[in-house]
Each structure stands twice: as structure tokens, then as C-alpha cells.
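A closer look at the structure
Residues per chain, in single letters:
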Amino acid sequence: MDWFFYAVALPMAVLFLASTVYALYWASQKGQLRDFDKGAESIFDDEEPIGRPTDFFPGKSPAVKTPASKS
Amino acid sequence: MASAPSLAASLNPATTSDDVQRAELSEIDASTKWPALFLLASAVGWLLIGTVFALISSVKMHSPDFLGNYEWLTFGRTRTAHLNAVVYGWSVNASFAVAFWLMARLSRSVLRHAGLLIVAAVFWNIGVTVGIAGILIGDSTSIEWLEMPAYATPLLFLAYALVGAWAVITFRFGKSKHIYVSQWYILAALFWFPWLYSIAEIMLIFAPARGTVQALVNWWFAHNVLGLWFTPIGLAAIYYFLPKVLGKPIHSYYLSVLGFWSLAIFYNWAGVHHLIGGPVPVWVQSAGIAASFMMVIPVIVTAINHHLTMVGSFNALKYSPTLRFIVFGAVSYTVTSLFGSAMAIRSVAEITHFTHFVVGHAHEGMYSFFTMVMFGSIYYIMPRILLKEWPSAKLISLHFWTTAIGSTLYVFDLKIGGFIQGLLLNTPVLAHKFGLQPGTDPVPFIDTVKVTIPYLQWRTYSGILMTVGHIAFAINFAWIIVRSAQATKTQPTLFRTPPEMEVTAQ
């Protein structure tokens, strides 16, 4: 059954790799690999700005609710 | 907010996303409520069922007569039922919920076609129920990680395909121009898994490959379930919740991107390390070992990134339940992955392979890393979709400490016990040097079994500890669902007051 491995499993593994390499190419073409600072900040916005923690134990909220000035 | 679009409209590239306004976080969270609740409730149910099977199996390891009179509770079935309940029941349900909640938030779009997800979730849970019932009545396929009988798998595949289709739709309609690293991880996981699963099912169950090829496909699949499904989802959650809870961006976004792409390129090849020393072409094994070592790159990169994000904010661990679980999971990811790479070295594998060491390693990955991250995520998600606070801080603390101590004990215990077992089994000279046996001759096999018994007993004790944590979690989980919203006086787990948040989708 060696042929099975060479005919199916190996091409599949290679195809997996190829799909990943293509996705990486796509990402670089779309500019996803530029401006990393902006990328890191993309999960924050005016509603939940940088500098404001968002999770506390119930009933144990510390006095950190003031939003930070920087955003 | 835009009204619910038809499925056809969502699939048609001609409909642009321009008419979809940028959704508020509260709107997005509200739109995920029902599918998330259904998936998470199912997950918690499976967690409890899986825990019961785990305890039964663990006790049987050192007291084989325990429940020995029931055919459907023999070790081969309870252990398999445990694996399938916690992997396909708890972990996959939880990861579905966390993945699409994150996807919706990160693509800044309300959840489209929530009905599709609920249908997928129902199919998934029926499939898992049928599969585990099949295992208990003796229909297990005996292929590790794919033990569910063939009559259960089409349901599972259908569910997966629906979820995958949904993710593509959500991604396309996203309003966020930038693809955050968590989205990459989730997309990759959703894209790869149905592919992996269908190939493995075809090559192992429906038209089985024979001989060593079967083992090769089996481990290619089994390791990729961990590497290309659970690891990406767990890391996606860490990359979102760690900076989000702290309120500061990830230390180096560059490193996070590097980590993702190196994982994507190398992990697929690593599964062969399960067959080191087996009757598989040596070059294939070497490729697996090389890939396992290349995995050190994403692991170290991710570890540096997570740690440097935490520096200066360790105080936050005191006040955030989510952060505690997430940080515990992130540290465990680093440790377990480095162990994993080390275990791929031929001379190490010679000792650790086929011992309890591997079981300890597997639990460090699936429990200390993945499950703890899911716990943390659920602690963050539930208050936001229900607009209620968690009822009991004490239960959260109890949950954290029992599972953290329990899983640490479990992992150390089995790794030490397994290593001793491996030394006695395979390297009598080394075992003699360590003072484990009198001479340098191989010892009788039964001695290598007996030496593990105290470790197996300790495993049961640590399992009991984790069970206590799971019960505390389940109580808190059921409680937050049934408690009335008015009973909540303060909203510390929330960051806004409820009236602002009470915006429903559609």
C-alpha cells in the first residue's frame, strides 16, 4: 500500500503547505503585514480604549474605571 | 442595524458589505447570545460527563475491579468515552462558541445567520451523543481520536461544514480592515479542520488504508486536531483576551504574526513524531522530528510576546478571573510545547513513548493550556451576552485553584511516573544508574507496571480536585443563566452600565 501514501497522503500534506504559503502571499499582497502597531491596536476603540482593563471578579471592582487619556 | 440577510445574499460576492454599518460591541455581543449559550451549555454538560468517565477510568487503572461487572463500563470503553466527551463534546463546543464570538467581535459585524450556527450546533451535539453511545455499546472503531462509529461521523462533518461556511460569511462581511492575529488563527482552524477530518474519515473509516499507512494517517490527523484546531483557537483567545483584559496592546504584533505563520507552515508535518521507532520510513520520521523542532520558533515567539505583555501588569491577576485562567493557559502552552518538541528527539522518545509520560503531556496540552483558556474565555463572554454579573466570586476562585493545582499535580505526577516506567522498560542501564533497579538486566514487565501504581493513585486524587472545580464552574454557569438581571447591584465584570448595553440586534 505504499502507493496509497505517495498518491494521497503526501500530496495532501504538500497541498496543506501550499495553501498556507498562498495565504501568506495573499496577506502580504493585501498589506496585512504592514503597520504592526496599528494591527495591535485594532482590538481597541473609543468604547473600550487602551488603558482600561475590562474584567474583574464580581463584587471586587477596584478603582481603575477611569478611562485613560491615551487612545 | 441591517436586517438579517438571506443566505443567498451572504454567499453572493456582488452584495457588498457597504450597507452594513459598523456595529457596536454590545450589539455584536447581543447577536451572538443564543448560539453561544447553546454551545457553551452543551460544552459544560459534556465537561461533566467527560469528567465522570475520566474518574472511572482513572480509578480502574489502579483498582481494576472497580465497576468491572459492567460490560459498557470496561476500561476500553470508559477511557474512550472520556476522550471523546472532553474533546468533541466539551472542547469543540467551547471552541465553536469562543471562535465565533471572537470572529464577530473582531470583524466588527453582528452575527449573521445565527440560525445556521444553532442548526450546526444541534447536529454536532446529536453526532457526539450518538458517537459516545456507540462507543459505550462496543462499536468503537479502535482508531485513536476517531473512535466514534461510522454512523455518527456524517452528522459531525455536516455540522463542521456549516460552521466553516458561516465563518467565511462573517469574515467577508467584516467591517474591520485589518485582520487581527486572532482572526488568522480562527480562520485557519476553521478552514483546515473539515479538510483534515474528511480525509482522515475517508482514509481510515470508509475506505481504510492498511498497514503502516493507516498509522501514518491516524497520527497525521490526531496531531493536527491538536495543532491545527485546538492550538489556533486557544492562541486566538489568548491573543485577544490578554491585551483586551489588561487594556494594553500586545507587546509585539510583529512577533504574533511571525508566530502564526511559522505555526501554520510547520505544524502540519509534526504528527509523525508519534511513530518514532515505528515501521515507517525513516525519512518520514525525520521530517516529523524536524517539523516538531521548527515548532520551537512559534512557541518561543508566542511565549516572549505573552510574557512581555504581562510585565508590569501582574497585579491585574488579582482582579480578573479571565486573566488568571488565560495566563495559566499561556504559560502551560509554552511548557507543554517545549516538552512536545523534546519528546520528538529519538533518544527521549525511546524512554517516554508508550508510557504515562505521554498521557501527562497530552493533558498538559488539552487541559492546562486549552481547557484553562476556554474557562477564562467563558468567564469573559457570559456576562457580556447575558448582561449579568457572575453570581459568585468564591466559586470562580474555587474553580481556578482546584483546576490549577489539580492539573499541575496531574501533569507532574504522570510525567515523573511515566519517565520511571520508561526507564525501566527500555533503558535498564540508565535505570540502574538512577538507582531504580538493582542490576543492569531488563526487569520483568510486571515490575514496570507495579512501579506506576502510586502515581496512578495520585492521578485519581488530582482528578478529584479538578472534578470539584468543574462542579463549582457548572454551578456558577447554571446560576448566571437563571438568576434575574435585577438581582445584580454592581457590574464589576462589565465595563459599562446595563442600559447602554441593552441593544439588541436586528
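Because the structure is predicted, anything quoted here is derived from the model rather than measured.

1. Examining the overall build of chain B
- Helix and strand counts for chain B come out as 19 helices and zero strands.
- By the compact-globule yardstick of 23 Å for 506 residues, chain B fits well, its C-alpha radius of gyration being 23 Å.
- In terms of principal-axis extent, the alpha carbons of chain B reach across some 75 × 50 × 50 Å.
- Going through the 506 residues of chain B one by one, you find that 54% of them count as buried.
- The contacts of chain B with a sequence gap of at least 6 include a subset with a gap of at least 24, amounting to 82%.

2. Points about the interface of chain B and chain A
- Tallying the contact residues gives 47 residues for chain B and 36 residues for chain A.
- Looking at the side of chain B that touches chain A, the elements with two or more residues in it are α7 (181-206), α8 (211-246), α9 (253-266), α12 (321-343) and α15 (393-426) of chain B.
- Counting residues per element, the side of chain B that touches chain A draws most heavily on α8(B), at 10 residues.

3. Points about helix α14 (residues 356-386) of chain B
- The first and last C-alpha atoms of α14(B) sit 42 Å apart over 31 residues, in line with the 45 Å expected at 1.5 Å per residue.
- Within α14(B), 26 of the 31 residues are buried, which leaves it mostly tucked inside the rest of the structure.

4. Regarding the environment of B:Ser57
Residue and element names in this part refer to chain B.
- Along the chain, Ser 57 falls in helix α3 (residues 33-62).
- Note on Ser 57: 23 C-beta atoms within 10 Å, which makes it buried.
- Spatially, the C-alpha atoms of Ser 57 and Gly 76 are 8.7 Å apart, while their sequence positions differ by 19 residues.
- Contact partners of Ser 57, with chain neighbours within four places excluded, come to Phe 75, Thr 78, Arg 79 and His 82.

5. Some points on unusual backbone geometry
All names here are of chain B.
- One non-glycine residue, Leu 67, lies in the positive phi region at around 55°.
- You will see that Phe 354, though not glycine, has its phi angle at about 65°, which is positive.
- Within the secondary structure layout, Phe 354 lies in the loop between α13 (346-352) and α14.
- The partly exposed category is assigned to Phe 354, around which 14 C-beta atoms lie within 10 Å.

6. Description of the domain arrangement of chain B
Residues and elements named next belong to chain B.
- When the domains of chain B are assigned, the result is domain 1 (26-178) and domain 2 (241-493).
- Computed over C-alpha atoms only, the centres of domain 1 and domain 2 are separated by 19 Å.
- Contacts between the two partners involve 21 residues from domain 1, matched on the other side by 19 residues from domain 2.
- Every element with two or more residues in the side of domain 1 that touches domain 2 is listed here: α3 and α4 (75-106).
- When residues of the side of domain 1 that touches domain 2 are assigned to their parent elements, the largest contribution, 14 residues, is made by α3.

7. Side note on the environment of B:Thr427
- With respect to the helices and strands, B:Thr427 occurs in the loop between α15 and α16 (428-433).
- Between the C-alpha atoms of B:Thr427 and B:Ser252, which are 175 residues apart in sequence, the distance is 44 Å.

8. Brief notes about the confidence of the model for chain B
All names here are of chain B.
- When the pLDDT values of chain B are averaged, the result is 87; 91% of them are 70 or greater.
- In the predicted structure, residues 12-21 sits below a pLDDT of 50 and forms 10 contacts with residues beyond four places in sequence or in another chain.
- Taken together, the stretch residues 489-506 has pLDDT below 50 and engages in 41 contacts with residues farther than four places along the chain or on a different chain.
- The ipTM assigned to the predicted complex is 0.77, against a pTM of 0.89.

9. Describing the packing of α8(B) against α12(B)
All names here are of chain B.
- Viewed as axis vectors pointing N to C, α8 and α12 meet at an angle of 135°, and their least axial separation amounts to 10 Å. With respect to their mutual orientation, α8 and α12 come out oblique. As α8 packs across α12, the resulting crossing turns out to be left-handed. For the pair α8 and α12, the contacting residues are Gly 234, Ile 238, Phe 241, Leu 242 and Val 245 in the first and Thr 322, Leu 323, Ile 326, Gly 329, Ala 330 and Tyr 333 in the second.
- Partitioned by chemical class, the residues of the contact of α8 with α12 number eight nonpolar, three polar and no charged.

10. Here we look at the packing of helix α6 (residues 153-172) of chain B against α7(B)
All names here are of chain B.
- The N-to-C vectors of α6 and α7 enclose an angle of 155°; their axes lie 9 Å apart at closest approach. Compared by their axis directions, α6 and α7 come out roughly antiparallel. Seen from above, α6 lies across α7 with left-handed handedness. Here α6 contributes Thr 153, Phe 157, Tyr 160, Ala 161, Val 163, Gly 164, Ala 167 and Phe 171 to the contact with α7, which in turn contributes Leu 187, Leu 190, Phe 191, Phe 193, Pro 194, Tyr 197, Ser 198, Glu 201 and Ile 205.
- In the contact of α6 with α7, the residues fall into 13 nonpolar, three polar and one charged.

Conventions we followed
Throughout, residues of each chain are indexed from 1 in the direction in which the sequence is written. Think of it this way: whatever chain is written first is A, whatever ligand is written first is 1, and the rest follow in order. A pLDDT threshold of at least 70 governs which residues receive local features in this predicted model, and a stricter bar of 80 or more applies before side-chain atom pairs are shown or counted, although totals over entire chains, interfaces and linings include all residues. Counting from the N terminus, the helices are DSSP H or I runs at least four residues long and the strands are E runs at least two residues long. Radius of gyration here uses only the C-alpha atoms, and the compact-globule reference equals 2.2 Å multiplied by the residue count raised to the power 0.38. Partly exposed residues are those falling between the two cut-offs: more than 12 but fewer than 20 other C-beta atoms within 10 Å of their own, whereas 20 or more means buried and 12 or fewer means exposed, with C-beta atoms placed from the backbone. With C-beta atoms placed from the backbone, a contact is any residue pair whose C-beta atoms sit within 7 Å. One less than the residue count of a helix, multiplied by 1.5 Å, gives the span that helix is expected to have. Residue ranges assigned to the domains are those given by an automatic or database domain assignment. As a per-residue measure, pLDDT reflects the predictor's confidence and takes values from 0 up to 100. In this analysis an axis means a line fitted to C-alpha atoms, helices contributing only their contacting stretch, and an angle means the value between N-to-C directions, from 0 to 180 degrees. Should an angle fall under 35 degrees it is taken as roughly parallel, and over 145 as roughly antiparallel, whereas 65 to 115 is taken as roughly perpendicular and any remaining angle as oblique. Here a crossing is called left-handed whenever its near helix is offset anticlockwise from the far helix by less than a right angle, and right-handed whenever the offset is clockwise. Charged means Asp, Glu, Lys or Arg here, nonpolar means Ala, Val, Leu, Ile, Met, Phe, Trp, Tyr, Cys or Pro, and polar covers whatever is left, Gly included.

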